[in-house]
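Structural overview
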Amino acid sequence: MKELDTYIAIEGPIGVGKTSLANMIADKLNARKVFEKFEENPFLKDFYDDPESNAFQTQVFFLLQRYQQQQKDIRQLNLLQKGVVTDYMFEKDRLFAEVTLSPEELELYDKVYDHLTFDSPTPDLVIYLQAPVEVLLERINKRGNPDEKFLTVDYLERLNDAYSKFFLYFENAPLLIINASDIDLEDGGSDYDMLIYKIM
C-alpha cells in the first residue's frame, strides 16, 4: 500500500476513539502524527476541578497550542508533500468553547479565534466519529482517567449536539462519517481494513 501524502483530521467527542484510530492510520500509511497535547495545558487540572471558573484560560491555552501545531507541524508538512494525521481539527476548539464558556467569555475568545483561523490549513479528508453518550461514558470509564470524572451526561450531550450541528453543514473538506458504536476500529479487523481502503 502506498504512503499517505495528504492531511487527514479525525474528529469526534471525548471517548469516541479519535487518537486510537489516528495512531493506526498513521502507522499503516507511514504518515506523521500530530496529536493534541492535553498534558501540556497547565490550567486543565483546575478546569477538571472547577470548570466554570477555569474554562476561559484552559480554552485559550488549547487554542494557541493548536495554532502553533497548525503552523509548524501541519503547514510545513503540506509544503513538503508529506502525509499527516491528526486527532483533531482546529475548528474543534470553537465547539468546546461554545460548551464551556459564558457568553461574555465566548465573545472575547472569538476575537482571538477569528484572527488565528484566518489562514489555517484545511484537511484533505475529515473523519467524523460519532457515538451516543452511553457509549462515550462506557469508554471513558473503561480507560479510567481520574481527571475525567467531571464528564457528566449533560456535558457530553451538549458536546455531542455541538458536533452534530457543526458537521450538518460542514463543506470545507471531504467528510467521512462513521458511527463508532456500531463498528470496531481498534481490533484491526475487517472494519478497519474497509476504512483504510475507503481513505486510499
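Please refer to the structure placed before this passage.
Report follows, based on the coordinates. Computed from a predicted model, the values in this text were never measured in an experiment. (Residues numbered from 1 in each chain as written. Predicted model: local features only at pLDDT ≥ 70, side-chain atom pairs only at ≥ 80, totals over all residues. Heavy atoms only, no water.)

Re unusual backbone geometry
At Asn 30, a position not held by glycine, the phi torsion is positive, near 55°. Along the chain, Asn 30 falls in the loop between helix H1 (18-29) and strand E2 (32-34). (Helix = DSSP H or I, 4+ residues; strand = E, 2+ residues; numbered from the N terminus.)

Regarding the environment of Gly 83
Looking at where Gly 83 falls in the secondary structure, it is placed in the loop between helix H3 (51-79) and strand E3 (84-86). Between the alpha carbons of Gly 83 and Asn 30 there is a distance of 7.8 Å; along the sequence they are 53 residues apart.

So, the packing of helix H4 (residues 92-100) against helix H5 (residues 103-116)
Relative orientation of the contacting elements H4 and H5 amounts to 170°, with a least axis distance of 10 Å. Relative to H5, the element H4 lies roughly antiparallel. Where H4 approaches H5, its residues Asp 93, Arg 94, Ala 97 and Glu 98 are matched on the opposing element by Leu 106, Tyr 109, Asp 110 and Tyr 113. Residue composition of the contact of H4 with H5, by class: four nonpolar, no polar and four charged. (Axes fitted to C-alpha atoms, helices over the stretch in contact; angles between N-to-C directions. Parallel < 35°, antiparallel > 145°, perpendicular 65-115°, else oblique. Contact = heavy atoms within 4.5 Å. Nonpolar A, V, L, I, M, F, W, Y, C, P; charged D, E, K, R; others polar.)

So, the pairing of strand E4 (residues 125-130)
A regular strand carries its side chains on alternate faces of the sheet. In terms of burial, E4 is largely enclosed, as five of its six residues are buried. Alignment of strand E1 (residues 7-11) against E4, held across four bridges, turns out to be parallel. Bridged to Ile 8 within E4 is Leu 125. Here E4 runs beside strand E5 (residues 175-179); their pairing, made up of five bridges, is parallel. Residue pairing for E5: Val 126 is matched across the bridge by Leu 175. (Buried < 20%, exposed > 50% of the residue type's maximum accessible area, 1.4 Å probe, protein only. Pairing = 2+ DSSP bridges.)

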